[in-house]
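# Close look at the chain arrangement
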Amino acid sequence: SRVFFPRCALAPSTPPGAPRSASRSLRAMAKDAKSFNKSLSGMFKDDDENGRPTTPKGRSTAFSAGSTSALSTSSRGLMTPKTPLSALSHVFQARPNYQKLRSAPSMGFETQEDKARLMQRTRGYEITFWKVLTITAILSSSLSFVIDQFTFAVGIYRSHFTTFTNVGGLIGVTAANVVIALIARLIVRTTMECEGSGFPEMKAMLFGHMLDNYLTIRVLLIKAIGLALLVGIGLPVGKEGPNCHMAACIARNLDSDFVRKRSMSATGQDQINKLLLAACAVGVGASFSAPIGGVIFSVELMLPQVSDPTSYWGCFAAAIIGSFVYEILRTWFAGATGLLPLLSTNILPGEGATTLFPFTRMLLDLILGAFLGYLGAYWVKMHAYIAKAFKDWRLSVHKKKPGATAGGQEPLLGEPKKESFPKRCVAAVWNFQWRDLFLVAMVTAINTVWAAKLPFLNGKPQPLLLSNLFDKNLLKTQEEWVRPELGLTGTFAMCAFMKWLTTILALSLSMPTGVVAPTMIIGGLIGRCYATFLPAWLVDTMIADEAGNVPGEDVRGAFLARFAIVGAAAFCAAVCRAFAMAITVFEVLALPNDGIPICAATLIAIFVANKFELPFFDKNLAGRNLGGIPALTFTDHANAPAFSIMKKLNVVQDCLCVHTRLYDMHELLKRHPRVDFFAVVRPLDDGEGVLVASMSRKNVDKVITLIDPSGGSPETRVDLLDPELQRPSDGSEPLVDGCPPHVTPAATVKEVYLIMKVQHGESTVYVTRDGCLLGEVTFTSLMTHEVKI
């Protein structure tokens, strides 16, 4: 009952030395095979009632091209114009099919002229890349300046009214802030891609591929408007993450044709990733006027991916250009308004840093860093819990009456039940989506009223508040802002607790938010609290000179203010798990003696935080079923062996044999409706199989359709190693990959990921031992791996 293709049917013989084009295509082979199998149709044991052959067990094997096409359709969800953030993991289930260069004669890569033409086109792409990068840096930094100018002016105006002594003014400002926040939410509600920071989406795109629906002009405009309104009303949200997201939107839309063409090739996708990295660099660099910190942040964001000089220098160029443009705009247009940089201080180099006991000073910084590392991890955990509670309550729907449909129509009646106008009005009000608006109004009111009760905060914009925290003369004016019933330490502690809680609440809203600046404020306040607990004799001992003389109040104030600087860098780094925050603080404040204390405290904070919780952005990704990204970046999972995460494959049930029947290929598609790639093995006597090739689901279906479109010859055997399948003579796409990527069982998970990244579009890597197939690791399973701390 087994019918074999004759060798002439699969690969017609050609005279020695004849060119490859003399071979016939797969469609011609299928035509010969059809006529050959028709002549041998009597060899089947019996037919069913429709005249189709059956297997020895009597089951019908009839199948048509349409059925196999239906089976080959993946059931995984694809990206829609408005993909919910909770479904972001679907982007890794449909990786782009890159156009791979082949040396077929029809491709035209054989002569020197063809090679020169290819190099010229590549140079053109490089020139376009640098043009897009430069314009992106200029436009994104200009947009950042406009947002800063608006929010700073509004913040100064608002601070004149939000005082606890002016009750009428406080009520009016609270009502105004609530109204503005509701308007911002109604604007952002139209485009859910604007919600959140933007860093998790950027990192997901670097690990996967570009999400066009997150990088549109509409997202850019709505995110900019929403961010300006939120920061303007004083909510504790930063703009660093949204700045990076908006820079990526600008880069994507400056030359959409360039991005579209480059996304179809492997090298082009690399250039797009470099544009995304440069967008991150310019977003952070322009926000802090710190190009070095922006570059370090981009490098940390892309780990453990492959870097090259273009991405490295591209990040530097974008960050420097963006920072330079921002400083020029601030100097030209903001001189009269006094727009401050996000980080500033009046401490002089060496002031308050010179001590006769450097080890004691280092110990104090390390203790502060370790404490802030634990607090940073706990803050991330607390935010994740509250954000989930907000989301669950916001997305919950009203329970419907049993037996009724959404339109009020009974399920067993043909005509809908007509309701009166008052009932329809009540139903419209009852079904109105109000919960997200309620959360926004509640958080805005709490933040406005609570800040008004604390004169030190008093509705100040974030740059001014950080400048006050780093001010060496802050304690000289404490009678102006210290609450008498709380005292100095209690006032700092209450301000830190207020910012701790309101920042968590604000970042849990479905609005454009950033985390860097608010966590720096929290760290600075905790650092100030820490400094107030130091005994006066210890402070005098630390700042005394060799003769034992204690300097004046300026030196004492600078010594205490340096703990706020160290605290701001350490807590922010503990939350974001980015050492770039320490580099940014040191770069902007330009305090040479604080370099070692800031770096040491930041390192110990990151080390302690890694023991308790994931970073803020990676915790977000893990909540979206993308735990594989933080697992590769911040846990020991990256060094685990490949066999520990692979899916074991059964050679008989899960793979294709070298010589296989169309019936077996069809049954394999039915058994594995969600598998995209199948290994081709050569079975051995001991039950193992040697990996020799692989086929995609689409190509398996294509082979079945071409060879047997009517489904009348399921017992036909096909040689999957035939050269015509691996390199078609007509120059079309190969149906069988004769060199599938594979690793040994001892290879690490990080190496498996890098193979997928370097191979550009390979979503399956096989694990072999001495050539025998053991299992497979798919890109989806690698990215959706559950991460644990």
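Reading guide: rules and limits
Residues numbered from 1 in each chain as written. Predicted model: local features only at pLDDT ≥ 70, side-chain atom pairs only at ≥ 80, totals over all residues. Heavy atoms only, no water. Helix = DSSP H or I, 4+ residues; strand = E, 2+ residues; numbered from the N terminus. Buried < 20%, exposed > 50% of the residue type's maximum accessible area, 1.4 Å probe, protein only. Contact = heavy atoms within 4.5 Å. Areas by Shrake-Rupley, 256 points an atom, 1.4 Å probe, with all protein chains shown as cover. Salt bridge = Lys/Arg side-chain N within 4 Å of Asp/Glu carboxyl O. Arc of directions from axis to C-beta. Disulfide = S-S within 2.5 Å. Phe/Tyr/Trp six-rings, centres within 6.5 Å; stacked < 30°, edge-to-face > 60°. Lys NZ or Arg CZ within 6 Å of the ring centre and 35° of its normal. Patch = residues over 30% accessible without salt bridge, like charges linked within 9 Å, V, L, I, M, F, W, Y side chains within 5 Å. Core = buried A, V, L, I, M, F, W, Y, C linked by side-chain atoms within 4.5 Å. Axes fitted to C-alpha atoms, helices over the stretch in contact; angles between N-to-C directions. Parallel < 35°, antiparallel > 145°, perpendicular 65-115°, else oblique. Left-handed = near helix turned anticlockwise from the far one by under 90°. Nonpolar A, V, L, I, M, F, W, Y, C, P; charged D, E, K, R; others polar. Pairing = 2+ DSSP bridges. pLDDT = per-residue confidence, 0-100.

### Points about the overall build of the protein
When its secondary structure is counted, the protein shows 30 helices and 9 strands. Here the protein holds 789 residues, and the buried ones make up 52% of them. Intrachain contacts of the protein at a sequence separation of at least 6 include 79% that bridge at least 24 residues. Of the roughly 35,000 Å² that the protein leaves accessible, carbon and sulfur atoms contribute 62%.

### With respect to the pattern of salt bridges
Following the criterion strictly, the structure yields 18 salt bridges and no others. When the shortest N-O distance is used, the salt bridge between Asp365 and Arg361 registers 3.2 Å. Of this pair, Asp365 and Arg361 are both found in helix α13 (residues 358–395), 4 residues apart, which corresponds to roughly one turn of the helix. Classification of Arg361 by relative accessible area gives buried; the value is 6%. We note a salt bridge from Lys619 to Glu613, for which the minimum N-O separation is 3.3 Å.

### Quick word on helix α20 (residues 536–543)
Within α20, the full set of buried residues consists of Leu538, Val539, Met542 and Ile543. Axial view of α20: buried residues confined to an arc of 120 degrees, hence all on one face. Facing away from the buried side of α20, by more than 90 degrees, are the exposed residues Ala536 and Trp537. The elements touched by buried residues of α20 are α13 and α21 (553–576).

### As for the side chain of Thr584
Along the chain, Thr584 falls in helix α22 (residues 580–589). Judged by its relative accessible area of 1%, Thr584 falls in the buried class. The residues contacting Thr584, other than those within four sequence positions of it, are Phe288, Ala290 and Gly293.

### Brief notes about unusual backbone geometry
A positive phi angle, close to 55 degrees, is found at Ala590, a residue other than glycine. Within the element layout of this structure, Ala590 appears in the loop between α22 and α23 (595–610). Of note, Asp770 is a non-glycine position whose phi angle comes to about 55 degrees, a positive value. Its location among the elements puts Asp770 in the loop between β8 (764–769) and β9 (772–778).

### What about the state of the cysteines?
All chains considered together, the criterion is met by 0 disulfides. Here Cys280 is not disulfide-linked; the sulfur of Cys244 is the nearest cysteine sulfur, at 4.8 Å.

### Considerations on the packing of aromatic side chains
Geometrically, a pair of aromatic rings is defined through the distance of the ring centres and the angle of the planes. All told, the structure shown has 18 aromatic pairs when counted by the stated rule. Between Trp313 and Phe316 the ring centres are 6.1 Å apart and the planes differ by 40 degrees, which places this aromatic pair in the tilted class. Taken together, the positions of Trp313 and Phe316, both in helix α12 (residues 309–333) and 3 residues apart, correspond to about one turn of that helix. According to the relative accessible area criterion, Phe316 is buried, its value standing at 19%. Measuring from ring centre to ring centre gives 5.3 Å for Phe559 and Phe563, while their planes differ by 85 degrees; the resulting arrangement is edge-to-face. In this pair, Phe559 and Phe563 both sit in helix α21, 4 residues apart, roughly one turn of the helix. Across the pair, exposure class does not vary: Phe559 and Phe563 are buried alike. For Arg361, the ring lying beneath its charged end belongs to Phe563, and the centroid distance is 5.1 Å.

### Quick notes on a nonpolar patch on the surface
Among the surface-exposed residues, Trp130, Val299, Tyr312 and Trp313 lie close enough to one another that they form a single nonpolar patch of about 400 Å² accessible area. Assessed through its relative accessible area of 54%, Trp313 is described here as exposed.

### Description of the nonpolar core
Counting residues in each nonpolar core, the largest one holds 140 residues, and the members touching the most others are Trp379, Phe456, Phe470, Val515, Met520 and Met581. Residues in contact with Phe456, not counting those within four places in the same chain, are Leu465, Asn468, Leu469, Leu474, Trp481, Phe492, Cys495 and Leu525.

### Comments concerning the packing of α13 against helix α19 (residues 516–532)
Two quantities define a packed helix pair, namely the angle between the axes and the distance from one axis to the other. In contact at an axis separation of 11 Å, α13 and α19 are set at 135 degrees when each is read in the N-to-C sense. It follows that α13 is oblique to α19 by the angle criterion. For the pair α13 and α19, the crossing hand works out as right-handed. Counted together, Leu364, Ile367, Leu368, Phe371, Leu372, Leu375 and Trp379 of α13 and Thr519, Ile522, Ile526, Gly527 and Tyr530 of α19 form the full contact between these two elements. Taken together, the residues of the contact of α13 with α19 sort by class into 10 nonpolar, 2 polar and no charged.

### What about the packing of α13 against α21?
In the contact formed by α13 and α21, the axes pass within 8 Å of each other and the chain directions differ by 40 degrees. Here α21 runs oblique to α13, going by the angle between their axes. Relative to α21, α13 is oriented so that their crossing is right-handed. Of the residues in α21, those touching α13 at Arg361, Leu364, Asp365, Leu368, Gly369, Leu372, Gly373, Leu375, Gly376, Trp379 and Val380 are Phe559, Arg562, Phe563, Val566, Gly567, Ala570, Phe571, Ala574 and Val575.

### Notes on the pairing of strand β4 (residues 677–683)
As paired elements, strand β2 (residues 656–657) and β4 share 2 bridges and run parallel to each other. Bridge pairing in β4 links Cys657 to Val681. The sheet contact formed by β4 and strand β5 (residues 689–696) spans 7 bridges and is antiparallel. Across the sheet, the residue bridging to Val681 is Leu691, located in β5. Taking the residues between adjacent antiparallel strands as the criterion, β4 and β5 are bridged by 5 residues, where Gly687 takes a positive phi near 90 degrees.

### A few points about the confidence of the model for the protein
Looking at the protein as a whole, its pLDDT mean stands at 76, while 74% of the residues score no less than 70. In the predicted structure, residues 1–25 sits below a pLDDT of 50 and forms 51 contacts with residues beyond four places in sequence or in another chain. Here residues 33–109 is a poorly scored stretch, pLDDT under 50, and it has 153 contacts once near neighbours within four places are set aside; other chains count.

### Brief notes about helix α6 (residues 199–207)
Counting buried residues in α6 gives 9 out of 9 residues, a clear majority hidden from the surface. Along α6, the residues classified as buried are Phe199, Pro200, Glu201, Met202, Lys203, Ala204, Met205, Leu206 and Phe207.

### Section: the environment of Gly775
Of note, Gly775 is situated in strand β9. Non-local contacts of Gly775, meaning those with residues more than four positions away in its chain, are made with Met646, Lys647, Lys648, Leu649, Tyr766 and Val767.

### Some points on the pairing of β9
Where burial is concerned, most of β9 is hidden: 6 out of the 7 residues are buried. When strand β1 (residues 647–648) meets β9, the two strands line up antiparallel, connected through 2 bridges. Counted as the bridge partner of Lys647 is Glu776 from β9. Where β8 and β9 come together, 6 bridges link them in antiparallel fashion. Bridged to Thr764 within β9 is Thr778. Between β8 and the antiparallel strand that follows it, β9, lie 2 residues; Asp770 among them carries a positive phi value of about 55 degrees.

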